[in-house]
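Observations on chain architecture
What follows is each chain in one-letter form.
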Amino acid sequence: MKLHIFDIGPIKRAVIELSDITLFIGKPNTGKSLVMRAIFQYLREKGIKDIAYLHRDRVFWTFQSLLVPGIARETGSLANYDEKIYRLVKPLLKGQLKDLGFGLVYVEDGKVIPWEKVSSSVLEIVSFLLSVKEGSPVLYEEPETHLHEELQLLMAFVLYALSSTNRIVISTHSQTLFYAIAHLSMLRPTKEELKGLFEDLKVKDYEALAEAVEKANQKEVKVKIYHFTEGEVKEVSVEDAVKGMPGTIDVLKKEFKWVSSLHSKRLFGDSEGAKNE
């Protein structure tokens, strides 16, 4: 699906081809969210239903729905979640989700944890679970927002696995998520190879996720990456992407250079001062 973008925010013109997974990267205020909304509207106009649009306010709205389950059920926001997707995200959850009849609850170590005391990372994962159905397009703005590095890595695996059945569009500032998806599409690890990583991370209930990633590899999932800069959108190949996340690797290099110079000063003193002496 190829989209021609004209005069959206800072972007005058761009061509974006949606693949199995499409990644938007770049600094803030370069048009990523605006293009995401435009894609959502385009899909709606094409008559595509059940679009999972996880915008920046998703955790707030999920939290409100979970606190008032009666209203949530009437509006359909707590309709039955997809069991297949729940099996994929289980490695990201320490506890379990249960429907006790009066509403959805989160249980950890045999105890129900009130939603107002549940961590934001759990709410992020629950927001995803309640929004996404197998086969539906997924538009996901900054999945990393409430997730620790390990959870970002696992969410990248979930999104990659889902791309064998769902078209996925992601905007992100996360190197972890970006590198994981890029390397998965390039290296296509087997289930046994994935097992080594998951066990090293001490992840539980990873079997369904490992199988789904392997299935995505068998389908030869395609990934497209677009770098948003001021007024421009450029495609970046996966081969170039794994060398460094555009717009981020430059900052890290500058930071490393600066920190290295400070270390040198602390260890060896100010070379200019030494010369003057």
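Note: the structure precedes this text.
Since we're looking at a predicted model, the values are computed, not measured.

This part takes up the sheet that holds strand β6 (residues 104-108). One open sheet accounts for three strands, arranged β5-β6-β7; its pairing is antiparallel. Every interior strand has two partners, whereas the edge strands, β5 (96-99) and β7 (111-113), have only one. Each strand of the sheet is rotated relative to its neighbour by a mean of 45°, with strand direction disregarded.

Inspection of the entire model under this criterion finds nine aromatic pairs. Ring pairs connect the aromatic residues F24, Y226 and F228, which therefore count as one cluster.

Let us look at the pairing of strand β10 (residues 223-229). Burial analysis of β10 places six of its seven residues in the buried class, the great majority of the element. Alignment of strand β3 (residues 21-26) against β10, held across six bridges, turns out to be parallel. Looking at the pairing, G26 lines up with F228 of β10. Inspection of the sheet shows β10 paired to strand β11 (residues 232-236) by five bridges, in the antiparallel sense. Pairing of F228 across the sheet is with V233, part of β11. The turn joining β10 and β11, which pair antiparallel and follow one another in sequence, is formed by two residues; a positive phi near 85° is taken by G231.

To continue, consider the pattern of salt bridges. In this structure the tally under the stated criterion is eight salt bridges. E124 is the salt-bridge partner of R58, the closest N and O atoms lying 2.5 Å from each other. With R58 in helix α2 (residues 58-67) and E124 in helix α5 (residues 120-131), the pair connects residues that are 66 residues apart, well separated along the chain.

This part covers unusual backbone geometry. Phi is positive for D109, close to 55°, though the residue is something other than glycine. Looking at where D109 falls in the secondary structure, it is placed in the loop between β6 and β7. With phi around 55°, D205 is a residue other than glycine that occupies positive phi space. Turning to its location among the elements, D205 is positioned in the loop between α8 (191-200) and α9 (207-219). For D205, a relative accessible area of 41% gives the class partly exposed.

Mapped onto the elements of the fold, D82 is located in the loop between α3 (69-75) and α4 (83-89). Buried charge without a partner: D82 forms no salt bridge, and the closest opposite charge is K84, 6.5 Å away. Here the side chain of D82 touches E134 through a polar contact of 3.1 Å, landing on its backbone nitrogen. Those residues in contact with D82 that lie beyond four places of it in its chain are L129, V132, K133 and E134.

Scoring rules and cut-offs
- Residues numbered from 1 in each chain as written.
- Predicted model: local features only at pLDDT ≥ 70, side-chain atom pairs only at ≥ 80, totals over all residues.
- Heavy atoms only, no water.
- Pairing = 2+ DSSP bridges.
- Helix = DSSP H or I, 4+ residues; strand = E, 2+ residues; numbered from the N terminus.
- Axes fitted to C-alpha atoms, helices over the stretch in contact; angles between N-to-C directions.
- Phe/Tyr/Trp six-rings, centres within 6.5 Å; stacked < 30°, edge-to-face > 60°.
- Buried < 20%, exposed > 50% of the residue type's maximum accessible area, 1.4 Å probe, protein only.
- Salt bridge = Lys/Arg side-chain N within 4 Å of Asp/Glu carboxyl O.
- Lys, Arg positive; Asp, Glu negative; His and termini not counted.
- Polar contact = N/O pair within 3.5 Å; in protein donor to acceptor, adjacent residues only side chain to side chain.
- Contact = heavy atoms within 4.5 Å.

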